[in-house]
Amino acid sequence: MICEDARLLIGADPDAAGAELEQHLRGCEGCRALRAEMQRVNADIRHALEEPPVIRVARAPGATPAWREYALAAGVVLAMAAGLAVWVLRPTDTLARDVVTHVKGEPESWLGTHGVSAASIDHALKSSGIGLDLASDRIVYAQSCWFRGHYVPHLVVETTHGPATVLILRHEQVKARDDFREGGMTGVIVPAGDGSIAVLTRGRGQVDEVAADLRQQVHWLPEPAETPQTMHH
Amino acid sequence: MRNPPVQSPVSSLGERSRAASARASLTALFESMRPDLLRFAQWLARDRSIAEDIVQEALLRAWRARDALKDPAAARAWLLTIVRREHARLYERKRLELVSLDDALDIPDRAAAASADAELLTLRHGIMRLPIEYREPLVMQVLGGFSTEEIARELELTNTAVLTRLFRARHKLRGLCGPSPAAGAAPEEQPA
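Residues numbered from 1 in each chain as written. Chains lettered and ligands numbered in written order. Predicted model: local features only at pLDDT ≥ 70, side-chain atom pairs only at ≥ 80, totals over all residues.

(A) Representation of the confidence of the model for chain B within the structure. All names here are of chain B. When pLDDT is averaged along chain B, the result is 76; 69% of the residues meet or exceed 70. Model confidence for chain B, summarised as mean pLDDT per element, is weakest for helix H5 (residues 110-114) at 48 and strongest for helix H7 (residues 132-142) at 92. Of the regions scoring below 50 in pLDDT, residues 109-114 engages in 5 contacts with residues more than four places distant in sequence or in other chains. Of the regions scoring below 50 in pLDDT, residues 180-192 engages in 24 contacts with residues more than four places distant in sequence or in other chains. (pLDDT = per-residue confidence, 0-100. Helix = DSSP H or I, 4+ residues; strand = E, 2+ residues; numbered from the N terminus. Contact = placed C-beta atoms within 7 Å.)

Okay, here's the thing in structure tokens:
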């Protein structure tokens with residue numbers, strides 16, 4: 001068993017025991033430490049779930065709301081909010097925000113220091129029908145992520161300026177480059193093929209160079225049929 | 001051809017008594033599990049009144065299908081499965097009203113945040129904020145006691161997909177669990 005498999009098992013079930021896993025743990029201090037850490041996390045999760053979530057009760061049971069008035073008021077407010085949203089959130093802004101939200105949701109993606117396995121990279125790319133001319137040892141994180149209704153490759157690439165997150169978005173078209181700075185990240189979304197590529201770095205890192213390289217390195221292959229049982233979100 | 005023996009349409013008093021006793025013990029069993037089911041449903045639905053509806057409907061379904069429950073020891077898992085399916089059915093049947101979680105949750109005030117329970121509350125909010133595809137298998141595993149294989153079967157996913165979702169759910173919550181006792185001893189990445 002390799003570390004990657006052991007870590008998947010430990011993260012999925014910290015109390016799992018199996019001959020193969022135990023044998024791996026005997027010889028791997030890093031995975032042993034991870035298991036101890038995840039067992040502690042799991043105990044906290046169990047404790048947190050023991051009580052029902054604390055949810056405010058919006059209205060007394062059985063109370064009948066004056067729904068006609070509420071519906072009318074809500075309709076007016078919704079219409080105004082929708083108009084405002086269309087005006088404020090231009091498509092590229094919305095895309096940039098979604099990208100930032102997605103990347104912030106995977107903080108562990110920045111932590112990789114070693115190249116991930118070729119199989120992981122292959123899975124992340126092929127799930128979306130993407131080819132990439134990039135040395136695999138520069139890729140320290142590779143997942144196929146569910147984003148805006150499609151599986152997209154989510155990579156972290158080591159650059160001379162530090163790690164850069166890359167999302168290859170074949171279904172998201174942008175007319176021109178969109179620079180943004182949000183959530184402590186600097187990013188750019190550039191048109192590429194029929195879609196686009198988003199590159200983000202933490203702080204004020206260099207994204208232009210990475211984006212320019214990737215536009216040359218990406219190949220758009222025939223898109224495979226998406227399968228709901230694919231393993232990422 | 002001989003006719004089959006005619007059975008009396010009237011059951012004996014003894015049969016009636018036994019049936020009534022079985023019904024009463026099953027009712028008591030179901031009712032004893034209601035708090036567990038409600039908690040499970042609340043973590044799935046994130047809405048108390050919807051969770052109550054789900055449990056009520058699930059118990060009705062369970063009652064109608066009570067003959068399928070051969071072993072009372074398996075009642076908990078059986079009922080939890082029905083609750084999960086009822087939640088999924090409701091989820092598919094109608095788009096549930098979307099509310100801001102910040103509005104729906106009791107966010108701890110400053111005093112509470114300073115207390116020892118703040119970490120636990122933060123973790124609870126973290127669990128509530130997990131997307132359903134992560135929250136559901138996690139709650140099934142930790143609260144329901146389902147194995148990975150059982151979750152995979154129930155959610156119609158591959159084992160690997162379930163492992164990945166559980167892994168990701170825990171990793172998303174990991175940062176909310178406070179400093180590790182072995183702070184600074186983060187596991188070293190090893191090349192695969």
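(B) The arrangement of the confidence of the model for chain A in detail. Residues and elements named next belong to chain A. Per-residue confidence for chain A gives a mean pLDDT of 79, with 78% of residues at or over 70. In this model residues 57-65 is a low-confidence stretch, pLDDT under 50, and it forms 3 contacts with partners more than four residues away in sequence or in other chains. Segment residues 226-233 is flagged for pLDDT under 50; beyond a separation of four residues in sequence, or across chains, it makes 21 contacts in the model.

(C) Molecular detail of the pairing of strand S4 (residues 162-169) of chain A. Residue and element names in this part refer to chain A. With 7 of 8 residues buried, S4 is to be regarded as a mostly interior element. Of the pairings in the sheet, the one linking strand S3 (residues 150-159) to S4 comprises 6 bridges and is antiparallel in character. Directly across from Val157, in S4, lies its bridge partner Ala164. Linking S3 back to S4 in an antiparallel pair, the connection comprises 2 residues. Looking at chain direction, S4 and strand S7 (residues 195-202) are connected through 6 bridges and run antiparallel. Considered in S7, the bridge of Leu169 is made with Ser196. (Buried ≥ 20, exposed ≤ 12 C-beta atoms within 10 Å, placed from the backbone. Pairing = 2+ DSSP bridges.)

(D) Seen up close, the sheet that holds S3 of chain A. Residue and element names in this part refer to chain A. Taken together, the 6 strands give an open sheet; going across it, the order is S2-S3-S4-S7-S6-S5, and neighbouring strands pair in antiparallel fashion. At either margin of the open sheet sits one strand with a lone partner, and together these are strand S2 (139-147) and strand S5 (178-182). Here the average twist between neighbouring strands, direction ignored, is 20°. Here S5 runs beside strand S6 (residues 185-192); their pairing, made up of 5 bridges, is antiparallel. In the sheet register, Arg181 faces S6, and the bridge partner there is Thr186. Against the sheet, helix H6 (residues 118-126) contacts S2 and S3, and its axis sits at roughly 30° relative to S2. (Axes fitted to C-alpha atoms, helices over the stretch in contact; angles between N-to-C directions.)

(E) Seen up close, the nonpolar core. Ranked by size, the top nonpolar core spans 48 residues in total, and within it Leu37, Ala41, Ala58 and Val83 of chain B carry the most contacts. Once you skip the residues sitting within four places of it in the chain, Ala41 of chain B turns out to touch Ala51, Ile54, Val55, Val83 and His87 of chain B. With 40 residues, the next largest nonpolar core counts Ile130, Phe147, Phe180 and Ala192 of chain A among its residues. (Core = buried A, V, L, I, M, F, W, Y, C linked by C-beta atoms within 7 Å.)

(F) Broad picture of the packing of helix H1 (residues 3-12) of chain A against helix H9 (residues 159-174) of chain B. Two numbers describe how H1 of chain A lies on H9 of chain B: the axes approach to 7 Å, and their chain directions differ by 70°. Taken together, the axis directions place H1 of chain A and H9 of chain B in an arrangement best described as roughly perpendicular. For the pair H1 of chain A and H9 of chain B, contact is made by Leu8, Leu9, Gly11 and Ala12 of chain A and by Leu163, Thr164, Leu166, Phe167, Arg170 and His171 of chain B, respectively. Grouping the amino acids of the contact of H1 of chain A with H9 of chain B by side-chain chemistry returns 6 nonpolar, 3 polar and 1 charged. (Parallel < 35°, antiparallel > 145°, perpendicular 65-115°, else oblique. Nonpolar A, V, L, I, M, F, W, Y, C, P; charged D, E, K, R; others polar.)

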